[in-house]
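Secondary and tertiary structure notes
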Amino acid sequence: MKIHVFKSKRKGLTKLIVGGLHGKEGRVVKPILKSFILEGGPRSGMLIIVPSLCSKTRYVSTLSRRYFETNEGGRLLSLLSHYKPDVYVEVHCYAKKAYESLTSPVRIIRKGVPRLIELEQGVLIGSSPPFLLLTGLFRLGITVEIPCRNGESREILLRLLRVVRDQEAIDKIISELMRLYPKQLSEAIKLFETYKQRLNIP
Ligand SMILES: [Zn+2]
């Protein structure tokens, strides 16, 4: 696992971006995060990027507590407790056949988490897995799923990550995403509020 740390001289938010949390998805996500690293760091604060948390592992869903007992899950928890980021973004990729279940309105009943919202080109966003949210180790958590096979989604992911890197406050990240994707963001926020109530998070 490689960790890339950008540290600006100016004080600011700490942001952690982690890719390749499962099985072989790192193969798709890692090159995109590596090219994002080449663009440079933030104007303030700290940006930590892990292009691929694992390379080839048995699939355990991050929605399950068991994930955090695996090596990669343990590494993720150590990263979060070490950096205590203000913003935490995890980037996955999904096979075409998973699209329906990831975006299904009954996902909350089946999996205990709200459906993901499509920004564009199959790029889906939502909040963090319940176990992580409940740790309180970060303030804003975003989960991104991109299609494993859709080159167009790369640019959309990069645009999203640039917003996270460049905006210097949490409310500014949210309002910039809201400006880019007004309908999708209001829906995602609405789903997040219900999800928080379900988890008893104030
Ligand atoms: Zn994944």
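The coordinates are above.
Quick summary incoming for the structure in this document.

**Examining the overall build of the protein**
- Helix and strand counts for the protein come out as 8 helices and 7 strands.
- Taken against the 2.2 N^0.38 rule, which gives 17 Å for 202 residues, the C-alpha radius of gyration of the protein at 16 Å falls within 12% of a compact globule.
- Each of the three principal axes of the protein carries a C-alpha extent, and together these read 45 × 35 × 35 Å.
- For the protein, with 202 residues in total, the buried portion stands at 36%.

**Brief notes about the pairing of strand β7 (residues 140-147)**
- Counting buried positions over the 8 residues of β7 gives 6, a clear majority of the element.
- Here 8 bridges tie strand β4 (residues 87-94) to β7, and the two strands are oriented parallel to one another. By the bridge assignment for β7, Val-91 is matched with Val-144.

**So, the environment of Glu-25**
- Here Glu-25 is to be found in the loop between β2 (14-19) and α1 (26-38).
- We classify Glu-25 as buried; it has 23 C-beta atoms within 10 Å.
- When the C-alpha atoms of Glu-25 and Thr-57 are compared, they prove to be 9.9 Å apart, with 32 residues separating the residues in sequence.
- Setting aside chain neighbours within four positions, we find Glu-25 in contact with Gly-20, His-92, Cys-93 and Cys-148.

**A word on unusual backbone geometry**
- Non-glycine residue Lys-84 carries a positive phi angle of around 40°.
- Tracing the backbone through its elements, the reader meets Lys-84 in the loop between α2 (71-83) and β4.
- Assessed through the 14 C-beta atoms surrounding it within 10 Å, Lys-84 is described here as partly exposed.
- Phi angles above zero are rare outside glycine, and Asn-200 is one such case at about 60°.
- By the secondary structure assignment, Asn-200 is in the segment after α8 (182-199).

**Observations regarding α8**
- Here α8 contains 18 residues, and its C-alpha end-to-end distance of 26 Å stays within 8% of the 26 Å for a straight helix at 1.5 Å per residue.
- Where α8 terminates, the next one or two residues include Asn-200, which has phi positive at roughly 60°.

**A word on the pairing of strand β3 (residues 46-50)**
- Sheet analysis places strand β1 (residues 4-7) next to β3, joined by 4 bridges and oriented antiparallel. By the bridge assignment for β3, Phe-6 is matched with Leu-47.
- Relative to β3, β2 is paired through 5 bridges, and the arrangement is parallel. Its bridge partner being in β3, Ile-17 is matched across the sheet by Ile-49.
- Between β2 and its parallel partner β3, the chain crosses via α1, and the hand of that crossover is right-handed.

**Thoughts on the sheet that holds strand β6 (residues 124-126)**
- The strand order across the open sheet formed by 7 strands is β1-β3-β2-β4-β7-β6-β5, and the pairing between neighbours is mixed. Lying at the two open borders of the sheet, with one neighbouring strand each, are β1 and β5 (117-118).
- In the packing of α1 onto the sheet, the strands contacted are β1, β2, β3 and β4, and the crossing angle to β2 comes to about 145°.

**Overview of the nonpolar core**
- In terms of nonpolar packing, the biggest core is built from 40 residues, with Ile-17, Val-18, Val-89, Val-144 and Leu-157 touching the most fellow members.
- The leading source of residues in this core is β4, at 6 residues.
- With residues near it in sequence (within four places) discarded, Ile-17 still touches Leu-33, Ile-49, Val-89, Val-91 and Leu-161.

**Some points on the environment of Arg-165**
- Here Arg-165 is to be found in helix α6 (residues 153-166).
- With 23 C-beta atoms packed within 10 Å, Arg-165 lands in the buried category.
- When the C-alpha atoms of Arg-165 and Tyr-195 are compared, they prove to be 26 Å apart, with 30 residues separating the residues in sequence.
- Apart from residues lying up to four places away in sequence, Arg-165 is in contact with Pro-42 and Leu-47.

Thresholds applied
Residues numbered from 1 in each chain as written. Predicted model: local features only at pLDDT ≥ 70, side-chain atom pairs only at ≥ 80, totals over all residues. Helix = DSSP H or I, 4+ residues; strand = E, 2+ residues; numbered from the N terminus. Rg over C-alpha atoms; globule rule 2.2 N^0.38 Å. Buried ≥ 20, exposed ≤ 12 C-beta atoms within 10 Å, placed from the backbone. Pairing = 2+ DSSP bridges. Contact = placed C-beta atoms within 7 Å. Expected span 1.5 Å × (residues − 1). Right-handed = clockwise from strand over helix to strand, strands pointing away. Axes fitted to C-alpha atoms, helices over the stretch in contact; angles between N-to-C directions. Core = buried A, V, L, I, M, F, W, Y, C linked by C-beta atoms within 7 Å.

Remember, this is a structural readout, not a statement about activity or role.
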